[in-house]
Amino acid sequence: MAIAVYNISATSARVTWPPSPGCLDTFYSVMYSPNWNSLLMAFKRKSFMHEERIPVSQTATHLANLFPQTTYLLCVSCQAANPTRDQCQVFTTLIDNGEGQDRAGWELAAGAWLTCCVLLLVIAAVLLWGCRRSVRAGQGGRSVVTDAVPSGRLYSPRGSCDNGGRRELRTLARMSGSEPA
């Protein structure tokens, strides 16, 4: 028997099953219980917490007053007999609305945190790439050039702002061949 459970909410569910032409009784027995772990080994009618009798002319029912976020074992059998494994279905009710809003807030916070972490990693990678590039360009991040004059002084583009610093920049430009005419 193919039992279908749908429109599941926190406290209710809709159940349908195919008609059983060989059913000689006047009702279907719809049994369900939230303590499904103890029921899996033995499908005994008296083990179920709830039982509804549905007329044979109907093949659907609405289950109400269920517990939120609870797994149920549901069985539908013809006549008041112990159900078999193929007459049963396991389903879980949804989380309650109040708890769902708290979870949505937590998921939003986790998403924001993850986005910030990724952004921080991107910034760190860009900075690391820039540092490695400047170290490769010179020694310790500074380009050092020896003056072509016989004095043998070292000049750097990070020279001081006094007249000597301007002279260093002109000397570097002249050595690189990019000095303006």
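Above this note sits the structure.
Residues numbered from 1 in each chain as written. Predicted model: local features only at pLDDT ≥ 70, side-chain atom pairs only at ≥ 80, totals over all residues. Heavy atoms only, no water.

(A) Summary view of the overall build of the chain. On a plain count of helices and strands, the chain comes out with two helices and nine strands. Helices and strands in the chain line up, N terminus first, as β-β-β-β-β-β-β-α-β-β-α. With 181 residues in all, the chain has 25% of them scored as buried. The long-range share in the chain, meaning contacts at least 24 apart out of those at least 6 apart in sequence, stands at 58%. In the form shown here, the chain has an accessible surface area of approximately 12,300 Å², with 58% of it arising from carbon and sulfur atoms. (Helix = DSSP H or I, 4+ residues; strand = E, 2+ residues; numbered from the N terminus. Buried < 20%, exposed > 50% of the residue type's maximum accessible area, 1.4 Å probe, protein only. Contact = heavy atoms within 4.5 Å. Areas by Shrake-Rupley, 256 points an atom, 1.4 Å probe, with all protein chains shown as cover.)

(B) Looking closely at the sheet that holds strand β4 (residues 50-55). Strands sit in the order β4-β3-β6-β7 across an open sheet of four strands; the sheet is antiparallel. In this open sheet, the two edge strands, each paired with only one partner strand, are β4 and β7 (88-92). With strand direction ignored, the average angle separating the axes of adjacent strands in the sheet is 20 degrees. Here strand β3 (residues 27-33) runs beside β4; their pairing, made up of six bridges, is antiparallel. Following the sheet pairing, V30 is matched in β4 by E52. (Pairing = 2+ DSSP bridges. Axes fitted to C-alpha atoms, helices over the stretch in contact; angles between N-to-C directions.)

(C) Region of the structure containing the sheet that holds strand β5 (residues 60-63). On the basis of which strands lie adjacent, the open sheet formed by three strands has the order β1-β2-β5 and antiparallel pairing. Each end of this open sheet is capped by a strand with a single partner; those strands are β1 (4-6) and β5. If you compare each strand with its neighbour and ignore which way they point, the axes differ by 20 degrees on average. For β1 and strand β2 (residues 13-16), the ladder comprises three bridges, and the chain directions are antiparallel. The residue bridging Y6 from the neighbouring strand is R14, located in β2.

(D) The environment of S12, seen in detail. Tracing the backbone shows S12 in the loop between β1 and β2. The exposure class assigned to S12 is buried, which follows from its relative accessible area of 14%. In this view, S12 contacts N7, H62, L63, A64 and L66; residues no more than four positions away in its chain are not counted.

(E) Representation of the packing of aromatic side chains within the structure. A full pass over the atoms with the stated rule returns three aromatic pairs. Summarising the aromatic geometry, the rings of W17 and Y28 are spaced 5.4 Å apart at their centres and angled 70 degrees between planes, so their arrangement reads as edge-to-face. Placement of W17 in the loop between β2 and β3 and of Y28 in strand β3 is noted, with a sequence separation of eleven residues between them. On the basis of an interplanar angle of 15 degrees and a centroid distance of 5.5 Å, the ring pair of Y72 and F91 is categorised as stacked. (Phe/Tyr/Trp six-rings, centres within 6.5 Å; stacked < 30°, edge-to-face > 60°.)

(F) Local environment of the state of the cysteines. Evaluation of the coordinates by the stated rule reveals two disulfides. A sulfur-sulfur distance of 1.9 Å marks the disulfide that ties C75 to C88. Around the S-S axis, the bridge from C75 to C88 shows a dihedral of about 105 degrees and counts as right-handed. Taken together, the positions of C75 in strand β6 (residues 71-78) and C88 in strand β7 put the pair 13 residues apart, joining distant regions of the chain. Classification of C75 by relative accessible area gives buried; the value is 0%. Numbered in order of appearance, the disulfide-bonded cysteines of the chain are paired 1-3, 2-4. The thiol of C116 is unpaired, and the distance to the nearest cysteine sulfur, on C117, comes to 7.0 Å. With a relative accessible area of 53%, C116 lands in the exposed category. (Disulfide = S-S within 2.5 Å.)

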